[in-house]
Amino acid sequence: MSQKKQNLLFLAIVAALFVALCISLWFRAKRLGKISYLEHLDETAVTIDGADYPFRDLAVYLAKQERTVEEQANAYDLENSNAYWNLHTNGSFIRIEARDAAMDQAVHDIIFSQSAAKEGIQLTKEETVFLENQKQDFWNDLEENGQERLGVSEQEVTQAFSRIALAQKYQQMLAALKGVDNVEYNVNGANYQELLGEHDVSIHEKLWERLNFGNITIH
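Residues numbered from 1 in each chain as written. Predicted model: local features only at pLDDT ≥ 70, side-chain atom pairs only at ≥ 80, totals over all residues. Heavy atoms only, no water.

A word on the pattern of salt bridges
So, step 1. One pass over the structure, following the stated rule, counts six salt bridges.
So, step 2. Between Glu127 and Lys169 there is a salt bridge, with its nearest N and O atoms 3.1 Å apart. In this pair, Glu127 is assigned in helix H5 (residues 125-150) and Lys169 in helix H6 (residues 154-178), connecting sequence segments 42 residues apart.
So, step 3. Judged by relative accessible area, Lys169 falls into the buried class, the value being 16%. (Salt bridge = Lys/Arg side-chain N within 4 Å of Asp/Glu carboxyl O. Helix = DSSP H or I, 4+ residues; strand = E, 2+ residues; numbered from the N terminus. Buried < 20%, exposed > 50% of the residue type's maximum accessible area, 1.4 Å probe, protein only.)

Put into structure tokens, the structure is as follows:
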């Protein structure tokens, strides 16, 4: 084979490898890139004891957590709240820790509210009025833009707050029954962590880890 043909063959091989590398990087970027929350509302975010819960079931938790962190971020740097969101502390980014905290609280409330339902525990009229006021404050604070970005109806938000209230009531009753402080059944409480081990929880990480958290209900 002539030197010229060898050079052409070499260039062709290099070009093919370059194209393959570009394609590989494109697929990797697509696989790891942030997803649009609104486009995945009805896809499963977590499976608990065999039941699937889509992103819309976590909407309130995501919004509440975003707003909490944004308040902290504005106190940290009013001109550039992203500076706080992207801080790296304790081996993790605040954005990631906050996102996962929303999931942890949602799992906690789903497990406790389901347990309450099985035992026939219901909210009193006073408790229902209280949760409705909380829900209304949350909904109004979102304002129209935040409500649209959340992607769920006010009725769904009411259902979420009912779940939260029922979970809180069950937690208080369980703590009293076990003779321990209520905080032991908070998300990070030792008693709750032991109870959590009795349940099958599977987070759908391929979507969850790509969630554009921090930019769902706020800019």
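Section: the packing of H5 against H6
Between two packed helices, what matters for the description is the angle formed by their axes and the separation of those axes.
So, step 1. Where H5 meets H6, the closest approach of the two axes is 9 Å, and the angle between their N-to-C directions is 140°. What the angle tells us is that H5 and H6 run oblique. At the point where H5 passes H6, the crossing takes the right-handed sense. Contact residues: Glu127, Leu131, Glu132, Gln134, Lys135, Gln136, Phe138, Trp139 and Leu150 in H5; Glu154, Val157, Thr158, Phe161, Ser162, Ala165 and Lys169 in H6.
So, step 2. Within the contact of H5 with H6, the residues separate by chemical class into seven nonpolar, four polar and five charged. (Axes fitted to C-alpha atoms, helices over the stretch in contact; angles between N-to-C directions. Parallel < 35°, antiparallel > 145°, perpendicular 65-115°, else oblique. Left-handed = near helix turned anticlockwise from the far one by under 90°. Contact = heavy atoms within 4.5 Å. Nonpolar A, V, L, I, M, F, W, Y, C, P; charged D, E, K, R; others polar.)

Considering the pairing of strand E1 (residues 44-48)
Side-chain positions along a regular strand alternate between the two faces of the sheet.
So, step 1. With respect to burial, E1 is a largely interior element, four of its five residues being buried.
So, step 2. Examined bridge by bridge, E1 and strand E2 (residues 51-54) share four bridges and lie antiparallel to one another. Across the sheet, residue Val46 finds its bridge partner in E2, namely Tyr53.
So, step 3. Between E1 and E2, which pair antiparallel one after the other, the connecting turn spans two residues, and Asp49 there sits at a positive phi close to 50°.
So, step 4. Pairing geometry for E1 and strand E5 (residues 201-203), over three bridges, is antiparallel. By the bridge assignment, Ile48 is partnered in E5 with Val201. (Pairing = 2+ DSSP bridges.)

Focus on the confidence of the model for the protein chain
Regions with low pLDDT should not have their predicted coordinates read in detail.
So, step 1. When the pLDDT values of the protein chain are averaged, the result is 87; 85% of them are 70 or greater.
So, step 2. For the protein chain, helix H1 (residues 3-32) is the element with the lowest average pLDDT, namely 49, and E1 is the one with the highest, namely 98.
So, step 3. Note that residues 22-32 has pLDDT below 50 and, in this model, three contacts with residues that lie over four places away or in other chains. (pLDDT = per-residue confidence, 0-100.)

Here we look at unusual backbone geometry
So, step 1. Even without glycine at this site, Asp49 takes up a positive phi of about 50°.
So, step 2. Using a relative accessible area of 44% as the deciding quantity, one classes Asp49 as partly exposed.
So, step 3. Despite not being glycine, Glu143 shows a phi value in the positive range, around 60°.
So, step 4. As for its placement among the helices and strands, Glu143 is situated in helix H5.

Considering the environment of Lys206
So, step 1. Within the element layout of this structure, Lys206 appears in helix H8 (residues 205-208).
So, step 2. What makes Lys206 exposed here is its relative accessible area of 75%.
So, step 3. On a C-alpha basis, the gap between Lys206 and Ala45 in space is 9.3 Å, while along the polypeptide they are 161 residues apart.

Describing the environment of Met173
So, step 1. Mapping Met173 onto the fold places it in helix H6.
So, step 2. Along the chain, Met173 and Ala116 lie 57 residues apart, while their C-alpha atoms are 9.7 Å from each other.

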